[in-house]
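Listed here are the chains, written in short residue letters.
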Amino acid sequence: HGGHWTGITISREQWQYATGLAQARGLEDKLPFHLQSYDEPLPGRFNTIVAIESLIHSTAPSNTMANLASALEPGGRLLIVDDMPAERMRADDIRLLEEFRQCWRCPATPTVAEWTRLASASGLMLIESRDLNDLMKPRAEADLDAALADLTAQRKMKTDIGFARLSDAEIGGLHLERLHRRGVMRYAML
């Protein structure tokens, strides 16, 4: 599609895989990948920054937003697609959100309103907010209960052989799916 693209990831495995693909296709000059946090100064200035299912892991969303905004050229655009909790939740949903946060290492999980406020404080203006929840197809509560019981039973064995983070990711994914099913987590595009 032309242009110059830059990929950023905190995952060494993703970085190695993406860099290998770019090199194999002769695109390493037009598509470099960087192993770094999006909270560190970005390697250049950009017309567009796309953050898909990544900013939910930010430990300091105000710093993240300010850093991304500072890397945009005048008139540039930031597109965020991520899971964002509802403004109000019942106590049992808040508890489930906290368990999800621990499993996926998502300490802040800003809402749509919070991301919008942080963007505004960083000099950005919201052009469009779109709810993408109709794309989500969460399973029934009973199916989620059965899957959670199965993964919970596997947890000790996975931890004992060095796969505790995988177990956390699987269980956290079920919590996220349940939050979507209950309508208290939004899959939003800003």
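Look above for the structure.
All chains use their own residue numbering, which begins from 1 and follows the written sequence. The predicted origin of the model limits local features to residues at a pLDDT of at least 70 and limits the giving and counting of side-chain atom pairs to 80 or more, whereas totals for whole chains, interfaces and linings rest on all residues. Heavy atoms throughout the structure, all of them, feed into the side-chain values; hydrogens and water do not.

1. Brief notes about the packing of helix H3 (residues 91-104) against helix H6 (residues 164-181)
Phase 1: Interaxial angle, 0 to 180 degrees, is taken between N-to-C directions of lines fitted to C-alpha atoms, where a helix line uses only the stretch in contact. Each helix corresponds to a stretch of at least 4 residues labelled H or I by DSSP, and each strand to a stretch of at least 2 residues labelled E; elements are numbered beginning at the N terminus. Viewed as axis vectors pointing N to C, H3 and H6 meet at an angle of 150 degrees, and their least axial separation amounts to 8 Å. By the criterion of interaxial angle, the relationship of H3 to H6 is roughly antiparallel. Read as a crossing pair, H3 and H6 show a hand that is left-handed. Contact with H3, carried on its side by Asp 93, Leu 96, Leu 97, Glu 99, Phe 100, Cys 103 and Trp 104, involves Asp 168, Ala 169, Ile 171, Gly 172, Gly 173, His 175, Leu 176, Arg 178 and Leu 179 of H6 and no other residues of that element.
Phase 2: Residue polarity follows a fixed list, in which Ala, Val, Leu, Ile, Met, Phe, Trp, Tyr, Cys and Pro are nonpolar, Asp, Glu, Lys and Arg are charged, and the others, Gly among them, are polar. The residue inventory of the contact of H3 with H6, partitioned by class, reads nine nonpolar, three polar and four charged. Each angle receives one of four descriptions, namely roughly parallel if under 35 degrees, roughly antiparallel if over 145, roughly perpendicular if within 65 to 115, and oblique otherwise. The handedness criterion is simple: a crossing whose near helix is rotated anticlockwise from the far helix by less than a right angle is left-handed, and one whose near helix is rotated clockwise is right-handed. Whether two residues touch is decided by their heavy atoms; if any such pair falls within 4.5 Å, the residues are in contact.

2. Overview of the sheet that holds strand S4 (residues 72-85)
Phase 1: With mixed pairing, four strands are arranged side by side in an open sheet as S3-S4-S6-S5. Two strands in the sheet have a free side with no partner beyond their single neighbour: strand S3 (46-52) and strand S5 (130-131).
Phase 2: With six bridges joining them, S3 and S4 adopt parallel strand pairing. Its bridge partner lying in S4, Ile 52 is registered against Val 81. When DSSP finds two or more bridges between two strands, those strands count as paired.

3. What to know about the pairing of strand S6 (residues 185-189)
Phase 1: For S6, a buried count of four out of five residues is recorded, marking the element as mostly surrounded by other parts of the structure.
Phase 2: Two elements, S4 and S6, share five bridges in a ladder whose sense is antiparallel. Opposite Asp 82, over in S6, you have Ala 188 as the bridge partner.
Phase 3: Of the strand pairs in this sheet, S5 and S6 are connected by two bridges, and their pairing is antiparallel. Residue Asp 131 lies in a different strand from S6, and its bridge partner there is Ala 188. We call a residue buried when its accessible area falls under 20% of the maximum for its residue type, exposed when it is over 50%, and partly exposed in between, using a 1.4 Å probe and counting protein chains only.

4. Let's talk about the nonpolar core
Phase 1: Here, nonpolar core refers to any group of buried Ala, Val, Leu, Ile, Met, Phe, Trp, Tyr and Cys residues whose side-chain atoms link them within 4.5 Å. With 18 residues, the main nonpolar core has Ile 49, Leu 55, Met 65, Leu 68, Leu 78 and Trp 115 as its most contacted residues.
Phase 2: Secondary-structure elements contributing two or more residues to this core are S3, helix H2 (61-70), S4 and helix H4 (112-121).
Phase 3: Here this core takes four residues from S4, the largest share from any one element.
Phase 4: Here Leu 78 is in contact with Ile 49, Met 65, Leu 68, Leu 72, Leu 124 and Leu 190, once residues within four sequence places are set aside.
Phase 5: Among the nonpolar cores identified, the runner-up in size contains eleven residues, and Met 89, Leu 97, Val 184 and Met 185 belong to it.

Nothing here speaks to function; it is all geometry.
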